[in-house]
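Here is how the chains run, residue by residue.
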Amino acid sequence: MIKKYLINYRNVTLLIILSVIFGFVRNVVLGRMLSISDFGVYSLSLSVIGILSALLLFGQQRGIIRFFIKKNVTDYDWKTPILIQLFISIPTTFILLPIISSYYNVDYAFTYFCVCVIVSTVITDLLINIVRSSGKFELALILQRMIRIIVAITAIIFFINDTLRLTSIFYFFGSIHFIYGVFVYNYVIRKINLGSNKVPFSSQKEGLYFSALDVISLINMYGINLIIAEILSINYLGIFFAFNIILRIYEIFAQSTDFVTMPSSKEIDRSGLIIIVLKNLIIGSAISLFFLTFGDYIVSKLYLKKYDEYLNLIPLICLIGQVKMMDSIPLSIVGGISKKTILTRYVQYNSILSLIFIPGSIFSIKYFGLIGAAYALIILHFLRSIYGFRILYERYKL
């Protein structure tokens, strides 16, 4: 089993690396051409999109995976629950975004961009997990990530033509996302056969556990961005976002682990778990060593020395990445095969941790600035992973 797992992991990782390269190019182009203030507004839009997308998915993207771990997706009418989900999520998006935009005093282009991307994300995330549940990992990832490549190429075209303005970026990128979401919907409907069995409502209820986990995780991550914007300024948010390109490297491997591990969790035994843990430790350590050695030079060159005053953030960003890579392992396995009682305890622990994390982050950022934000994230993911590995220790008798 572990051989098949590692082959799938390799393929998925290579595809994620390809998409991340294009996402990296997009962020560097925007970071170099936009002012610090505009780059902060752009990163604010991504924070809003991340939080609302998690809320409006209601955990069903993981609920789909959990239900179909032991079942054949083509035996069930998976389309109906997804349509119901979209009929709830899309109108809610149109209600919430104008309120949020008004609070942050941003223009209509910001609202348009966020609405289009959120609608596209909800459609894509639900449907690619149907593809993923059918065992087509590579196809699912291509469908999920292709939009990043398209947007990156568009950003490069804007850059070459010297037409890189935040308003035009919002309108153009938003339209691309919306069109892509419609494409994914039509493609998956035609690609994956529908069965006659009804997906039980209990599976959708279990999805709410993952909704809680997703909301907690994204509120912690994107919430800290909002706290930075509120306590420090939009400029500081742009600075923090600029350094997070390093974190994206770690997330390639964390996402690959999650993408393959959860659907495969019923087949993972004790020795397989040990190999997965060692894999993440070795890869994370290698990435950290690279950026601790060359990170200052790379970041300085990429952003034309614009952020050199904050290069001391790099070791802390590396530590965040290492801990997040390890945290992805228990999250995937606990979510995949744990009993409902254990999953409930896991959600409750993360809820309590989040209640402590948010006020702790406010205090840390207020008195220590961006360094305080980094320390808050390190502590959060460390405590999450410790509890998750405790559950795995009990299950696999390590």
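The structure under discussion appears in the preceding block.
Just so we're clear, the structure is a prediction, and the values are computed from it rather than from any experiment. (Residues numbered from 1 in each chain as written. Predicted model: local features only at pLDDT ≥ 70, side-chain atom pairs only at ≥ 80, totals over all residues. Heavy atoms only, no water.)

## Concerning the side chain of T154
Residue placement: T154 occurs in helix α6 (residues 137-160). Its relative accessible area of 9% is what places T154 among the buried residues. If we ignore the near neighbours within four places in the chain, the residues touching T154 are F172, F173 and I176. (Helix = DSSP H or I, 4+ residues; strand = E, 2+ residues; numbered from the N terminus. Buried < 20%, exposed > 50% of the residue type's maximum accessible area, 1.4 Å probe, protein only. Contact = heavy atoms within 4.5 Å.)

## Section: a nonpolar patch on the surface
The grouping of F363, Y367, F368, I371 and Y375 at the surface amounts to a nonpolar patch, some 560 Å² of accessible area in total. Topologically, F363 is positioned in helix α12 (residues 340-396). (Patch = residues over 30% accessible without salt bridge, like charges linked within 9 Å, V, L, I, M, F, W, Y side chains within 5 Å. Areas by Shrake-Rupley, 256 points an atom, 1.4 Å probe, with all protein chains shown as cover. Salt bridge = Lys/Arg side-chain N within 4 Å of Asp/Glu carboxyl O.)

## Some thoughts on the packing of α6 against helix α9 (residues 234-264)
Packed helix pairs are specified by the crossing angle of their axes together with the interaxial distance, meaning the distance between the axes. Interhelical geometry of α6 versus α9 gives an angle of 135° and a closest axis separation of 12 Å. As the angle between them shows, α6 and α9 are arranged oblique. For the crossing formed where α6 meets α9, the hand is right-handed. Facing F137, A140, L141, Q144 and R145 of α6, the residues of α9 in contact are Q255, F259, V260, P263 and S264. The residue makeup of the contact of α6 with α9, split by class, is six nonpolar, three polar and one charged. (Axes fitted to C-alpha atoms, helices over the stretch in contact; angles between N-to-C directions. Parallel < 35°, antiparallel > 145°, perpendicular 65-115°, else oblique. Left-handed = near helix turned anticlockwise from the far one by under 90°. Nonpolar A, V, L, I, M, F, W, Y, C, P; charged D, E, K, R; others polar.)

## Focus on helix α3 (residues 60-68)
A turn of α-helix holds 3.6 residues, and therefore any two residues three or four places apart point the same way. By the criterion of burial, α3 is predominantly enclosed, with nine of the nine residues buried. Among the residues of α3, those classed as buried are Q60, Q61, R62, G63, I64, I65, R66, F67 and F68.

## Some words on the packing of helix α5 (residues 108-133) against helix α7 (residues 166-191)
Orientation of α5 relative to α7, taken along the N-to-C sense of each, is 25°, at an axis distance of 8 Å. Relative to α7, the element α5 is oriented roughly parallel. Handedness of the crossing formed by α5 with α7: left-handed. Classifying every residue of the contact of α5 with α7 gives 18 nonpolar, seven polar and no charged.

## Considering helix α10 (residues 270-302)
Where α10 bends most, at F294, the angle is about 65°. Of the residues one or two after α10, L304 is the one with positive phi, at around 55°. (Bend = angle between axes of the 7 residues up to and from the residue.)

## A closer look at the nonpolar core
Core analysis: the biggest nonpolar cluster contains 127 residues, and F243 and I246 have the highest contact counts within it. If you tally residues by element for this core, the top one is α12, at 17 residues. The residues contacting F243, other than those within four sequence positions of it, are V299, Y307, Y310, L311, L313, I314 and I317. (Core = buried A, V, L, I, M, F, W, Y, C linked by side-chain atoms within 4.5 Å.)

## Looking at unusual backbone geometry
Residue N105 is not a glycine yet carries a positive backbone phi of 55°. You can see N105 is positioned in the loop between α4 (79-104) and α5.

Functional significance is not addressed by these values, which are geometric in nature.
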